[in-house]
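A closer look at the structure
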Amino acid sequence: MNFSTSRLPRITFGAGAIRKLPALALEHGRQALLVTGGNAIKHHPAWEPLLTDLRHAGLDYTLVSIATEPSPELVDAAARQYRQQAIDVVIGIGGGSVLDAAKAIAGLLRVDHSVMDFLEGVGPEL
């Protein structure tokens, strides 16, 4: 079964949905930060076609691998590293840790704060 949602968060699901990713990413710009897990995705049959599709669509991407549970230090370091690169869209592909990291990095790219500032019960409750 294929489906798509129109409200945030946008979810596109179904056979072949990964082939729609370049067009969806282009809706936000041409500079992408592609956040993945360790090495498993790089052995998946869809990996190389995805990278080819991203390049053919005119997307420039930077690859970030999150091999462990994302610590606040890891998230802060990634946000700091890519903040000045004018990233338009963050794409997370992987399991829960990867998606958590991608969401946190995306949220911090435009602000000069630590992820600790936003953690409930830990930060200053901004």
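Conventions we followed
Residues numbered from 1 in each chain as written. Predicted model: local features only at pLDDT ≥ 70, side-chain atom pairs only at ≥ 80, totals over all residues. Heavy atoms only, no water. Helix = DSSP H or I, 4+ residues; strand = E, 2+ residues; numbered from the N terminus. Buried < 20%, exposed > 50% of the residue type's maximum accessible area, 1.4 Å probe, protein only. Contact = heavy atoms within 4.5 Å. Areas by Shrake-Rupley, 256 points an atom, 1.4 Å probe, with all protein chains shown as cover. Arc of directions from axis to C-beta.

This paragraph deals with the overall build of the chain. Counting its regular elements, the chain contains four helices and five strands. Along the chain, helices and strands appear, N-terminal first, in the series β-β-α-β-α-β-α-β-α. When each of the 126 residues of the chain is scored for burial, the buried share is 31%. Put simply, of all contacts in the chain between residues at least 6 apart along the chain, 65% involve residues at least 24 apart. Here the chain displays about 7,900 Å² of accessible surface, and carbon together with sulfur accounts for 56% of that area.

The subject of this paragraph is helix 2 (residues 47–56). Along helix 2, the positions that sit buried rather than exposed are Trp47, Leu50, Leu51, Asp53 and Leu54. Taken around the axis of helix 2, the buried residues stretch over an arc of 160°, which confines them to a single face. For helix 2, the secondary structure elements touched by its buried residues are helix 1 (21–26), strand 3 (31–36), strand 4 (60–65) and strand 5 (89–93).

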